[in-house]
Amino acid sequence: MLKEEIRNAILELQKLYPEKRSALIPALHLAQTELGYLPREMQNEVAELFGLDPNEVNAVVTFYDMFFEDPVGKHLIHVCKNASCMLRGADGLLSRLCQKLKVQPGETTEDGQFTVIASECLAACDLAPMMLVDEKVVGPVQENELDRILDAAREGPGHPAPVERPGGSHG
């Protein structure tokens, strides 16, 4: 499933760390550039490259909301649900966003354009309530701004891969 160039890049990445296991998260980002998500078969390949039990790799993939086991939309919208944002209306914001897009948190719109993710903390408490739209921090967000934010996202290129693939391109 993993292309040879990605496999080789992961092996090279391991050499940058005193313990190759320390390269797991960057390796998973790299692997995810292949399809845009990490199906179990791909996770198993990464585990093999690290000499790890596949369940250990799956535990990392399922712990972080930056990794996906299933296909996601072109645009990712993370809504912060931590204390600062909740106190300033994030629950209502998330609910209204999901209502507008006709999805639940974690789901992708029928047209494949948006995936909404309720995130634990996005580290921008001063902008509460806030969202991460593709790679752009947006906040403080008012519910009446959602249409404008969604329209702006549609005009953009979508969620970029957080790492560069071998050969200089993003996934």
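Everything here concerns the structure above.
Overview of the structure. (Residues numbered from 1 in each chain as written. Predicted model: local features only at pLDDT ≥ 70, side-chain atom pairs only at ≥ 80, totals over all residues. Heavy atoms only, no water.)

**Structural notes on the sheet that holds strand E3 (residues 131–133)**
Which entries qualify depends on this criterion: Two strands make a pair as long as DSSP finds a minimum of two bridges between them. The helix count covers DSSP runs of H or I at least four residues long, the strand count covers runs of E at least two residues long, and both are numbered beginning at the N terminus. Axis geometry follows a simple rule: fit a line to the C-alpha atoms, using only the stretch in contact for helices, then measure angles between N-to-C directions, giving values from 0 to 180 degrees. Pairs of residues are marked as contacts when any of their non-hydrogen atoms sit within 4.5 Å.
Strand order in the open sheet formed by 4 strands is E2-E1-E3-E4, and the pairing between neighbours is mixed. Two strands in the sheet have a free side with no partner beyond their single neighbour: strand E2 (114–119) and strand E4 (136–138). Each adjacent strand pair in this sheet contributes to an overall mean axis angle of 20 degrees, direction not counted. In this fold helix H7 (residues 146–155) packs onto strand E1 (75–80), E2, E3 and E4, with an angle of close to 30 degrees to the strand it touches most, E3.

**A few points about the nonpolar core**
Defined as follows: By convention a nonpolar core is built from buried Ala, Val, Leu, Ile, Met, Phe, Trp, Tyr and Cys residues, the set being connected through side-chain atoms within 4.5 Å. Burial classes follow relative accessibility: with a 1.4 Å probe on protein chains only, a residue under 20% of its type's maximum area counts as buried, one over 50% as exposed, and anything between as partly exposed.
Core analysis: the largest hydrophobic core is formed by 22 residues, its most contacted members being Leu2, Ile10, Leu24, Leu28, Val46 and Phe50. Counting 18 residues, the second-largest nonpolar core is a separate cluster that includes Ile77, Cys98, Val116 and Met131.

**Remarks on the pattern of salt bridges**
Let me state the cut-off plainly: Definition used for salt bridges: Asp or Glu carboxyl oxygen within 4 Å of a side-chain nitrogen of Lys or Arg.
Per the stated rule, a full pass over the model turns up 8 salt bridges. The residue glutamate 12 makes a salt bridge to lysine 15 at a minimum N-O spacing of 3.0 Å. In this structure glutamate 12 comes out as partly exposed when scored by relative accessible area, which is 45%. For lysine 15, a relative accessible area of 61% corresponds to the exposed category. The salt bridge involving lysine 81 is made with glutamate 120; its shortest N-O contact spans 3.7 Å. Of this pair, lysine 81 sits in the loop between E1 and helix H5 (83–87) while glutamate 120 sits in the loop between E2 and E3; the two residues are 39 residues apart in sequence, bridging distant segments of the chain. A relative accessible area of 47% places glutamate 120 in the partly exposed class.

**Points about the environment of asparagine 144**
The topology assignment puts asparagine 144 in the loop between E4 and H7. For asparagine 144, a relative accessible area of 69% translates into the label exposed. Separated by 48 residues in the primary sequence, asparagine 144 and arginine 96 have C-alpha atoms spaced 9.5 Å apart.

**Describing the packing of aromatic side chains**
We count it as follows: Here a pair means two rings of Phe, Tyr or Trp (six-membered ring of Trp) with centres within 6.5 Å. Their orientation is stacked below 30 degrees between planes, edge-to-face above 60, and tilted elsewhere.
A complete count under the given rule lists 2 aromatic pairs for this structure. Ring plane angle 90 degrees and centroid distance 4.8 Å describe the contact between phenylalanine 63 and tyrosine 64, whose orientation is recorded as edge-to-face. Judged by relative accessible area, which is 32%, tyrosine 64 ranks as partly exposed. Geometrically, the ring pair formed by tyrosine 64 and phenylalanine 67 is edge-to-face, given 6.4 Å between the ring centres and 85 degrees between the ring planes. By relative accessible area, which is 5% here, phenylalanine 67 ends up buried. The rings of Phe63, Tyr64 and Phe67 are connected pair by pair, giving a single aromatic cluster.

**Some remarks on the packing of helix H2 (residues 24–35) against helix H4 (residues 54–63)**
Here is the rule: For classification purposes, an angle smaller than 35 degrees is called roughly parallel, one larger than 145 roughly antiparallel, one from 65 to 115 roughly perpendicular, and anything else oblique. Under the grouping applied here, Gly and all other residues not named as nonpolar or charged are polar, the nonpolar ones being Ala, Val, Leu, Ile, Met, Phe, Trp, Tyr, Cys and Pro and the charged ones Asp, Glu, Lys and Arg.
Following both chains from N to C, one finds H2 and H4 inclined at 75 degrees, their axes separated by 11 Å at the closest point. Relative to H4, the element H2 is oriented roughly perpendicular. Where H2 abuts H4, its residues Leu24, Ile25 and Leu28 lie against Val57, Val60 and Val61. By residue class, the composition of the contact of H2 with H4 is 6 nonpolar, no polar and no charged.

**Things to note about helix H3 (residues 40–50)**
Looking at H3, one finds that the buried residues are Met42, Gln43, Glu45, Val46, Ala47, Leu49 and Phe50. Just beyond H3, the residue with positive phi is glycine 51, at close to 65 degrees.

**Considerations on the side chain of asparagine 58**
Note the following rule: What qualifies as a polar contact is a pair of N or O atoms within 3.5 Å, subject to a donor-acceptor requirement within protein and to the restriction that residues adjacent in sequence count only when both atoms come from side chains.
When you line up the elements, asparagine 58 lands in helix H4. There is a polar contact of 2.9 Å between the side chain of asparagine 58 and the side chain of glutamine 43. Once residues lying within four places of it in the same chain are set aside, the contact partners of asparagine 58 are Arg40, Gln43 and Glu69.

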